[in-house]
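So you can see what is in the structure, the chains are spelled out below.
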Amino acid sequence: MDIDTRLLRYFTAVAEEAHLTRAAERLFISQPALTKQIKQLEAQLGVELFTRSRAGMALTEAGRALAERVPGVLEEWDRTLRETRGASSRASHVLRVGFVASAANECTQEIIGSFARRRPGWRVEMRQADWSDPTAGLADGQVDTALLRLPFPGQDKLRVEVLITEPRWVAIPASHPLAEQAEIPFRELWDEPFIATPPESGWWRDYWLATDERDGRPVTIGAIARNPDEWLTAIANGYGVSLTPEATARFYQRPGVTYRPVTGVSPSQVGVAWAPAGDDDKAVRDFVLACLRHRTSTAADPGHGDTGRGVDAG
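All figures in this text were calculated on a predicted structure; none of them were measured in a lab. In every chain, residue numbers begin from 1 and rise along the written sequence. For this predicted model, a pLDDT threshold of at least 70 governs which residues receive local features, and a threshold of 80 or more governs which side-chain atom pairs are given and counted, while totals over whole chains, interfaces and linings are taken from all residues. Calculated side-chain values reflect all of the structure's heavy atoms, with hydrogen atoms and water omitted.

A. The arrangement of the overall build of the protein in detail. Scanning the protein from N- to C-terminus turns up nine helices and 13 strands. We take the radius of gyration over the C-alpha atoms and set the globule estimate at 2.2 Å times the residue count to the 0.38 power. Taken over C-alpha atoms, the radius of gyration comes to 22 Å for the protein, in line with the 20 Å a tight globule of 314 residues would show. For the protein, the C-alpha atoms occupy an extent of roughly 65 × 50 × 30 Å along the three principal directions. Residue burial is assigned from relative accessible area. The probe radius is 1.4 Å, only protein chains are included, and a residue is buried under 20% of its type maximum, exposed over 50%, and partly exposed in between. Here the protein holds 314 residues, and the buried ones make up 47% of them. In the protein, once contacts between residues fewer than 6 apart in sequence are set aside, the share between residues at least 24 apart is 74%. Only the protein chains shown count as covering a residue, and every accessible area follows the Shrake-Rupley method with a 1.4 Å probe. Just so you have it, the protein exposes about 15300 Å², and 50% of that area is on carbon and sulfur atoms. Under the scheme used here, helices are H or I runs from DSSP no shorter than 4 residues and strands are E runs no shorter than 2 residues, and both carry numbers assigned from the N terminus. Working rule for contacts: check all heavy atoms of both residues, and any pair within 4.5 Å makes them a contact.

What follows is the structure in structure tokens.
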């Protein structure tokens, strides 16, 4: 019997949350859709996995037996996919590097050049992801390493080295009254509609809405954007404003959009990230070392998070 791993991931979320609504929110799908997927899994297995009540979802004996095994199965499957894709890239001397938006800013080309000098004959394949996946394919093994905006969901399960720390600015319609100010206090933006990343980007979305830095003031969503082009169009059309790294003002100029420094909000960081399995991959190691060589002087303490294990920066 073949079971879609997606159904097993849905089952795991419901088993861990013991509640359909919370599991659906965690998975960023509707509750009816999740209910349908759980029923589909039960039909394929021919067993009842949950007993349903007003209190939530309780595992049956069959459900408990499956819940004990599924996390290990999914972890092994993910590791197998990662190793298979990694073996293919190593055989062709290609390092797959995921990134979102401006990658490591102006350091990106210098990093690629340093890697090329370390590994002659190798090629860096840059793969840009949209904002629905803040890991740029690293979480599911689509890439070998990634240049990412921190923090991002799942960061605690990966190796991360901070490379750049820079202020967050705001992108606003050029016609907006606040565009005349040289600097904008974040408090003055609280009541503005904001352009948000897709819900499936998880709490990375909340970070760029600065939900924890509004003194409890709720966010109004003016539009959703999955990539820089959609984002710029939404701002130029007056649908809302958006926090963004300072570097965006250099990389994404567009008529109708103005960038201004913001006070009263925390800075943004860029890091190089890789899976623990990459500790023994010499190509990944050399790319990380190339990144560390070009770490900016304003980068945060390298002890941030789970950093650097398996890489000798000496």
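B. How the structure looks around the packing of aromatic side chains. Think of it this way: a Phe, Tyr or Trp ring, Trp meaning its six-membered ring, pairs with another when their centres are within 6.5 Å, and the plane angle makes it stacked under 30 degrees, edge-to-face over 60, tilted otherwise. Applying the stated criterion to the full structure yields seven aromatic pairs. Ring geometry for Phe115 versus Trp122: centroids 6.5 Å apart, planes at 85°, classification edge-to-face. Each member of the pair, Phe115 as well as Trp122, carries the same accessibility label: buried. Linked through ring pairs, Phe115, Trp122 and Phe287 together constitute an aromatic cluster. A positively charged side chain is recorded as over a ring if its NZ (Lys) or CZ (Arg) lies within 6 Å of the ring centre. The angle to the ring normal must also be within 35 degrees. The ring of Trp122 is capped by Arg119, whose NZ or CZ atom sits 4.9 Å from the centre of that ring. Of note, Arg214 hangs over the ring of Phe194, and the distance from its end group to the ring centre comes to 4.5 Å.

C. Seen up close, the sheet that holds strand S11 (residues 242–245). Strand pairing is defined by DSSP finding a minimum of two bridges between the two strands. Strand order in the open sheet formed by four strands is S8-S12-S7-S11, and the pairing between neighbours is mixed. Each edge of the open sheet is held by one strand with a lone partner, namely strand S8 (184–185) and S11. Where strand S7 (residues 168–173) lies against S11, four bridges are found, and the strand directions are antiparallel. When the sheet's bridge partners are listed, Val170 is paired in S11 with Leu243.

D. Here's a closer look at the sheet that holds strand S6 (residues 159–166). Here five strands make up an open sheet; going across it, the order is S4-S3-S5-S13-S6 and the pairing mixed. Each of the sheet's edge strands pairs with one partner strand only, and the pair in question is strand S4 (123–128) and S6. Geometrically, the sheet is characterised by an average inter-axis angle of 25° between neighbouring strands, direction not taken into account. To obtain an axis, a line is fitted to C-alpha atoms, over the contacting stretch when the element is a helix, and the angle between two such axes runs from 0 to 180 degrees between their N-to-C directions. Sheet contacts for helix H9 (residues 282–293): strand S3 (94–99), strand S5 (145–150), S6 and strand S13 (268–274); angle to S13, the most-contacted strand, approximately 155°.

E. Molecular detail of the nonpolar core. Among the nonpolar cores identified, the biggest contains 47 residues, and Phe152, Phe186, Leu189, Trp231, Leu243 and Tyr259 are the most heavily contacted of them. Once you skip the residues sitting within four places of it in the chain, Phe186 turns out to touch Phe194, Leu209, Ala210, Glu213, Arg214, Leu243, Val262, Thr263, Gly264 and Val265. Nonpolar cores were defined as sets of buried Ala, Val, Leu, Ile, Met, Phe, Trp, Tyr and Cys residues, with membership established by side-chain atoms within 4.5 Å. By size, the runner-up hydrophobic cluster in this structure holds 24 residues, among which are Ile112, Leu147, Val272 and Trp274.

F. Representation of the environment of Asn227 in the model. Turning to its location among the elements, Asn227 is positioned in the loop between strand S10 (220–224) and helix H7 (228–236). Counting along the chain gives 98 residues from Asn227 to Ala129, while the straight-line C-alpha distance between them is 8.3 Å. In protein, a polar contact requires one atom able to donate a hydrogen and another able to accept it; more generally it is a pair of N or O atoms within 3.5 Å, and residues adjacent in sequence count only if both atoms are side-chain atoms. Separated by 3.2 Å, the side chain of Asn227 and the backbone nitrogen of Asp229 make a polar contact.

G. Here's a closer look at the pairing of S10. Strand direction decides the pairing type here: strand S9 (residues 193–196) and S10, joined by four bridges, are parallel. Paired with Phe194 across the two strands is Ile221, which belongs to S10.

H. Just unusual backbone geometry, in detail. With an omega of -5°, the peptide bond running from Leu150 to Pro151 counts as cis. Turning to its location among the elements, Pro151 is positioned in the loop between S5 and S6. One non-glycine residue with positive phi stands out, namely Asn105, at about 55°. Structurally, Asn105 can be placed in the loop between S3 and helix H5 (107–118).

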